[in-house]
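Descriptive structure summary
Listed below, chain by chain, are the residues.
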Amino acid sequence: MTKIKKILLDKSMSQKDLYEVIKKGCKTPIGKDRISKIVNGKMTNYSMHTLLKLCMALDVTPNDLLEREGFIKKECL
């Protein structure tokens, strides 16, 4: 389970809820398909702007969302 999926569950939010918060609070939203890929771990390399929009919508920090260990194992060792 991805960190963002766990946060959504802890906050009783759906991906649609996340999309709506971002759409309401940001000039340019993140597409529903992109949110789905991020939440399900299919997309791990996305922009800083996307990360910050997710953080704003979930009221978390980037460290709360980033999957550091998986990145290190995949890219650095």
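In case you missed it, the structure is sitting above this.
Summarised in this report is the structure supplied together with it. Note that the structure is a prediction, hence the values are computed from the model and not measured. (Residues numbered from 1 in each chain as written. Predicted model: local features only at pLDDT ≥ 70, side-chain atom pairs only at ≥ 80, totals over all residues. Heavy atoms only, no water.)

**Some details on the environment of L65**
- Checked against the element boundaries, L65 lands in helix α5 (residues 62–65).
- Sequence separation between L65 and D10 is 55 residues; the distance between their C-alpha atoms is 13 Å.
- With residues near it in sequence (within four places) discarded, L65 still touches K3, I4, I7, L51, L54, C55, L58 and V60. (Helix = DSSP H or I, 4+ residues; strand = E, 2+ residues; numbered from the N terminus. Contact = heavy atoms within 4.5 Å.)

**As for helix α1 (residues 3–10)**
- By the burial criterion, the buried members of α1 are I4, I7 and L8. In a view along the axis of α1, the buried residues occupy a sector of 100°, so they form one face of it. What points out from α1, more than 90 degrees from its buried face, is the exposed set L9 and D10.
- Those residues of α1 hidden inside the fold are in contact with α2 (15–25), α3 (32–39), α4 (48–58) and α5.
- With its phi angle positive at about 50°, S12 sits one or two positions after the end of α1. (Buried < 20%, exposed > 50% of the residue type's maximum accessible area, 1.4 Å probe, protein only. Arc of directions from axis to C-beta.)

**Some points on the packing of aromatic side chains**
- Applying the stated criterion to the full structure yields zero aromatic pairs.
- Sitting over the face of the ring of Y19, K32 holds its NZ or CZ atom 5.0 Å from the ring centroid. (Phe/Tyr/Trp six-rings, centres within 6.5 Å; stacked < 30°, edge-to-face > 60°. Lys NZ or Arg CZ within 6 Å of the ring centre and 35° of its normal.)

**Topic: unusual backbone geometry**
- Look at S12: it is not a glycine, yet its phi comes out positive at around 50°.
- Of note, S12 is situated in the loop between α1 and α2.
- With relative accessibility at 66%, the residue S12 sits in the exposed group.

**Points about the environment of V60**
- As for its position among the elements, V60 is in the loop between α4 and α5.
- Note: C-alpha distance between V60 and K23 (37 residues apart in sequence) is 17 Å.
- Ignoring any residue separated from it by four or fewer positions in sequence, one finds V60 in contact with I7, K11, C55 and L65.

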